[in-house]
Amino acid sequence: MATVAAPSRPVSERRTGMVNFGIQLLVGLALLVLFPIAFGMRWANFLPLLKPDALRFLSIGMFATIIVSLVAIVVSLPVATGLALGRLAPQPWVRWPCIAFIEVVRSLPLLLLIFYINLRFPGLGVFESAVNGEGYVNLVVGQALSRAGLAVMIALTLYTAAVNAELLRSGILSLDRGQTEAARSLGMTYWQTMRLVILPQAFRRILAPLIAQFTILLKDSSLGAIIGFIELLRRAQILFQQSFNPMEALYVVALIYFVLNYVLGLSSRVVERRRPSVHVPLSEV
Amino acid sequence: MTIWLTVASALLSLIIGVVVGVMRISPVPILQSIAASYTEFFRNIPLLVVLFFVYFGLPNTGLRLDATWSAIWGLALYTAAYVAEVIRAGLGTVSKGNVEAARSLGLSFMQTMRYVQLPQAMRAAIPPLGTLLIALLKNTSLASTITVGDLLFQSDFVGNRTFDPNILLIAGAIYIALTLPLGGLVNVAERRWAIKR
């Protein structure tokens with residue numbers, strides 16, 4: 001997403017670019033239609049999914065997925081920042097716990113983490129009785145705050161925080177040492193330096209991989225389906241077990257996830273446009 | 001079982017990934033678009049959906065795979081999208097002069113790819129491929145959901161028998177014991193086959 005159009009790009013080249021984009025779009029759409037045909041999906045099997053009941057059922061799961069993912073994304077950011085700063089801290093009693101946490105959580109499969117949190121802390125079910133009602137919003141929030149929903153939320157937060165801490169650390173390390181030194185010699189404290197100088201630049205540099213990690217988070221929220229978090233995928237599973245149309249139901253769910261992730265990807269462009277990264281020459285680290 | 005799943009789907013995904021990655025930079029726009037659609041699609045849907053599709057969905061078309069092979073194919077198809085991106089990035093590091101020289105010597109696109117571009121690209125791609133391999137190893141735990149008896153499935157089974165969630169800690173230790181040496185191995189491979197420029 002360039003904010004400034006390239007000044008002297010020949011018209012012919014621009015046209016090829018547009019034609020290529022058009023071809024890409026057409027082929028993409030064609031595959032979207034060809035895929036179900038190739039796998040012998042039947043239109044009749046899509047119909048049970050389009051009934052109002054089914055749509056309501058699915059959309060509750062979709063919003064529960066969105067809530068859990070968003071909370072995990074928002075909470076994981078400060079945790080990741082703390083872990084990254086902790087790992088870079090000079091004091092060993094701060095550094096070592098952070099390193100241990102990051103390395104262990106990063107090398108565990110997320111599903112194992114979810115299982116463990118779900119089994120180990122049955123107390124997470126405290127909100128289960130708090131939200132009960134038949135209203136649409138109540139159903140969505142109740143699902144997101146159910147024991148399984150919270151377990152997924154916590155596991156996703158911890159896992160993403162550990163991964164993003166490493167990302168942020170590499171972002172901080174990629175900055176010129178002079179930045180820190182200049183800020184410190186201006187009389188800023190450590191926290192001022194971090195907050196005003198280092199972190200804003202580091203975050204801008206890692207924006208793209210950060211959003212990619214959030215995409216993974218959103219996809220991984222589907223693991224909740226296994227421990228009884230009745231979100232989008234689990235609901236699709238319930239539906240296809242009733243009407244025996246697994247391919248069609250899963251295809252629809254795949255497309256929903258695709259759209260959700262696409263929107264998430266767009267958000268990175270919005271951030272990028274609002275606060276364009278300043279292209280200072282990267283110092284060799 | 002976890003190791004067998006990892007190895008089998010790693011090999012399969014490498015093959016599919018290289019094909020898709022090469023398609024992505026081929027001179028034919030249609031092939032490019034198909035490859036781009038493939039990577040975008042699989043990178044944006046959950047692995048679990050892919051696994052369910054292969055395991056629950058495909059039998060409807062008459063294609064019946066047992067749980068293990070469903071898991072291997074699902075993992076391979078999913079990982080291949082990431083491999084393709086890595087290969088594409090690797091191909092991007094091959095200098096243009098190399099390609100142009102090969103083409104002016106009269107090599108065809110496929111020949112240039114085989115003898116000039118891919119060997120260089122694969123070397124550049126070793127570190128990110130290693131990361132993918134580790135991610136794949138962790139992802140194999142999802143196979144437990146379609147009744148494959150992998151490490152997580154077995155430990156969950158034991159945990160359910162004994163009502164002791166701590167068995168999962170042991171499983172976690174085993175996963176760490178598997179991923180850490182793998183990371184070291186990747187570093188060795190990276191140093192061994194680094195491109196000398």
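Residues numbered from 1 in each chain as written. Chains lettered and ligands numbered in written order. Predicted model: local features only at pLDDT ≥ 70, side-chain atom pairs only at ≥ 80, totals over all residues.

Colleague: Give me the overall build of chain B: which residues, what numbers.
Modeller: Counting its secondary structure elements, chain B contains 9 helices and 0 strands. Taken from N to C terminus, the helices and strands of chain B fall in the order α-α-α-α-α-α-α-α-α. Across its three principal directions, the C-alpha atoms of chain B cover 70 × 45 × 20 Å. Relative to its full complement of 197 residues, chain B shows a buried share of 43%. For chain B, restricting intrachain contacts to residue pairs at least 6 apart in sequence, the fraction spanning at least 24 positions comes to 71%. (Helix = DSSP H or I, 4+ residues; strand = E, 2+ residues; numbered from the N terminus. Buried ≥ 20, exposed ≤ 12 C-beta atoms within 10 Å, placed from the backbone. Contact = placed C-beta atoms within 7 Å.)

Colleague: Tell me about helix α9 (residues 190-205) of chain A, and name the residues and values.
Modeller: In a regular helix each residue adds 1.5 Å, so 16 residues correspond to 22 Å; α9 of chain A covers 21 Å between its end C-alpha atoms and thus fits that length. Residue isoleucine 198 of chain A marks the point of greatest curvature in α9 of chain A, where the axis turns by about 45 degrees; the proline proline 200 of chain A follows within four residues. (Expected span 1.5 Å × (residues − 1). Bend = angle between axes of the 7 residues up to and from the residue.)

Colleague: Tell me about the packing of helix α4 (residues 67-93) of chain B against helix α6 (residues 109-124) of chain B, residues and numbers included.
Modeller: Residue and element names in this part refer to chain B. Put simply, α4 and α6 touch, their axes get as near as 8 Å, and they point 115 degrees apart. By the criterion of interaxial angle, the relationship of α4 to α6 is roughly perpendicular. The two elements α4 and α6 cross, and the hand of that crossing is right-handed. The residues of α6 that touch α4, namely those facing Ile87, Gly90, Leu91 and Thr93, are Gln117, Ala121, Met122 and Ala124. Here the contact of α4 with α6 is composed, by residue class, of 5 nonpolar, 3 polar and no charged. (Axes fitted to C-alpha atoms, helices over the stretch in contact; angles between N-to-C directions. Parallel < 35°, antiparallel > 145°, perpendicular 65-115°, else oblique. Left-handed = near helix turned anticlockwise from the far one by under 90°. Nonpolar A, V, L, I, M, F, W, Y, C, P; charged D, E, K, R; others polar.)

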